[in-house]
Amino acid sequence: MSEHLVDIQNLHLSFFTPAGEVKALNDVSLFLDEGEVLGVVGESGSGKSVTASAIMGITADPGRIVSGKVIFNGHDIGSLDEKELRKIRGKEVSMIFQDPMTSLNPVYTVGNQIEEAILLHTEKNKQEAKERAIELLRLVGINEPEKRIKQYPHELSGGMRQRVMIAIALACEPKLLIADEPTTALDVTIQAQILELIMELKNKLGMAVILITHDLGIVSSMCDRIAVMYAGKVIECGTTDDIFYNTKHEYTKGLLRSVPNLYEEESSRLIAIEGTPVDMLNPPAGCPFAPRCPQCMKICLKEMPPYHEFSDIHYSACWLTQKAEFEEAGKGEE
Amino acid sequence: MMANQDILVEVQHLKQYFPVAGSSIFKKAYVKAVDDVSFAIPRGTTLGLVGESGCGKTTTGRTLLQLYEPTAGRIIYDGETIFDSGLDGKKVKANMLPYRRKMQIVFQDPYASLNPRMTVGDIVGEAIDIHHLAASREDRRDKIIKMLERVGLNSEHANRYPHEFSGGQRQRVGIARALAVDPEFIVCDEPISALDVSIQAQVINMLEDLQHEFGLTYLFIAHDLSVVKHISSRIGVMYLGKMVEMADSNEITFHCCHPYTKSLISAIPIADPKISRASKRIVLEGDIPSPVNPPSGCHFRTRCPYATPLCAEKEPEWKEVSPGHFCACHHLDQVK
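A brief look at the structure comes next. In this text, all values refer to a predicted model and were calculated from it rather than measured experimentally.

## Quick word on the nonpolar core
At step 1: Among the nonpolar cores identified, the biggest contains 103 residues, and A:L30, A:I114, A:L137, A:I166, A:L176 and A:I178 are the most heavily contacted of them.
At step 2: Among the elements that make up this core, the one with the highest residue count is helix α7 (residues 158-170) of chain A (eight residues).
At step 3: Sequence-distant contacts of A:I166, defined by excluding residues within four places in its chain, comprise A:I96, A:V140, A:I194, A:L197, A:I198 and A:L201.
At step 4: Counting 63 residues, the second largest nonpolar core, distinct from the first, contains A:A192, B:V120, B:I192 and B:A267.

Next up, the structure:
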């Protein structure tokens, strides 16, 4: 049934900590087609990185998929064993992590780390792998690649390390690249370089990209579709234009309002989202955003709103839209 | 520069060099973290400092408070010279203790800047004790609670420890600690960059409210130009230890003239798809050079699209482009 490259169906994923069960993902459904760029936006703890790790099958130890399915490229990730997963990781799906300082191995040369992926997944011999590594470094815009492959990560700057990470991720031309906050640790001008590079490579190699970030500015220029997550739930999902110009969920609206606008002459007061992020150990009963929502109603505190579809791909979970719908229907009857 | 205004803090030709460990004893190497930076902040206003990591913006803030002893330069606070390296090499240093009550700092990382073994009440109260601002125990307690309430926490929080709080709440504690001694001037060193997006706006709004309420003067340091623009009346842009451009915040956003400022502004992702798709980003080539061995002449020339041989030979002058708008670049006419 699944024609999508990635199809996450009603995924529930929990971390069983000593303090209790943390429902990191609570009924998440998402899909992604080939060659598409999906942005996943949310605050820390909203479950965006956990979603990515579920696709890779690398959920950390106390975490377990409770129910639901992750289907990637025809494989049911949950049913594969470690050996089969290893064949997929790095070959069909790869990931760029947030912090290039800690995600490279400090005791291996850059060349070594790129060749590792090539030797593991292809028939190439050492010499060919080395040539491929040089070619990859050139592809990601590193000058003098012959010299660089002999260097260790500490000899490179942050931007260069992130480029090396991208080179490793692209080594086997994956179908899906997951970029987990790829530029958070970098400076703005370097961030622009890296984002430009990811888009360029995406167009060249035709892969799909999942871009995880908390920065609405980044997703606005890069993504075809955006999923907004809050407290382990996708609360709104739609095309980039839907999310920015036809915003439905109060949390998305709040996020958009709270960013200062560089191009306004008179600084007006920012409209902040009051309150603090959800305590995932004791989530509220109803809509997780209800305690912070300026338009909270009684029902919001009691029951989780169902998804409402505005178009084939734009949907959100908010009682306000249900209420508007209900009133609309009421008018029609009268 | 702005002689008719009431200047609270002024810095002239401030330099902060850090020796590099392991450099030759015959030719000592230095990181010129802050190199000849001058600015003045009128009372009740905010000066924003922007730049990338390693450009010296945090060091400027800390040196200004003399958390580091400046290598050279002059710092004037409210008309009194509190540091002057002088021409004859005789340093003038004021006793900082009374000034510490007037000049405070909010640090970047609310996880690292609060002592985990002290209760929030004691963290806020420590400064009150040092400056003997409380007449009695009750008075101390009232002052602490008043401060906590002012930053959106409540009295029961005083007995808790920092680990019990979220990032946004901790930053509020950090702000309460700075405010406890009733300061006039606060250095805000990236106060929001460790916080979640939805919390950032809360803290910015609070800082603005406090400024109006207590007539505070801020030096606001951040790497995010849109946030700095929002809160500041004037903005200075730094690159590799040098100030490259300084002007009123609207002037910087709409009429900046340094090529670095231009690329910095164009690199900011705009949260509006129509604008961000239409605008062409100026993507700078290369990385920031090492501050131990900065390029000769203009520091920015290695990444600058307008660079000529002149830029390598001569350091550009700091000149006034239009009233109140300063910039250091050889090729201003071309950049425009």
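That shown, we press on.
## Points about the environment of A:M165
Residues and elements named next belong to chain A.
At step 1: Take M165: it is sitting in helix α7.
At step 2: Once the C-alpha coordinates of M165 and P100 are considered, the two residues, 65 residues apart in sequence, prove to be 6.9 Å apart.
At step 3: Once you skip the residues sitting within four places of it in the chain, M165 turns out to touch M95, I96, F97, P100, S103 and L104.

## Some words on the sheet that holds strand β10 (residues 234-239) of chain B
All names here are of chain B.
At step 1: Strand order in the open sheet made by the eight strands is β7-β8-β9-β3-β10-β11-β13-β12, with mixed pairing throughout. Strands with a single pairing partner mark the edges of an open sheet, and in this sheet they are β7 (103-106) and β12 (318-322). For this sheet, the mean inter-axis angle between neighbouring strands, taken without regard to orientation, is 20°.
At step 2: Sheet analysis places strand β11 (residues 242-248) next to strand β13 (residues 325-328), joined by two bridges and oriented antiparallel. Bridged to E245 within β13 is C327.
At step 3: In this fold helix α5 (residues 167-179) packs onto β7 and β8 (185-189), with an angle of close to 175° to the strand it touches most, β7.
At step 4: Taken strand by strand, helix α9 (residues 259-267) contacts β10 and β11, and its axis lies near 105° from that of β10.

## Quick look at unusual backbone geometry
Leaving glycine out, the prevailing phi sign among residues is negative, and the prevailing peptide bond configuration is trans.
All names here are of chain B.
At step 1: Despite not being glycine, D78 has its phi angle at roughly 50°, a positive value.
At step 2: The residue D78 is located in the loop between β4 (72-77) and β5 (80-84) in this model.
At step 3: D78 sits in the partly exposed class, given a relative accessible area of 32%.

Rules used throughout
- Residues numbered from 1 in each chain as written.
- Chains lettered and ligands numbered in written order.
- Predicted model: local features only at pLDDT ≥ 70, side-chain atom pairs only at ≥ 80, totals over all residues.
- Heavy atoms only, no water.
- Core = buried A, V, L, I, M, F, W, Y, C linked by side-chain atoms within 4.5 Å.
- Buried < 20%, exposed > 50% of the residue type's maximum accessible area, 1.4 Å probe, protein only.
- Helix = DSSP H or I, 4+ residues; strand = E, 2+ residues; numbered from the N terminus.
- Contact = heavy atoms within 4.5 Å.
- Pairing = 2+ DSSP bridges.
- Axes fitted to C-alpha atoms, helices over the stretch in contact; angles between N-to-C directions.

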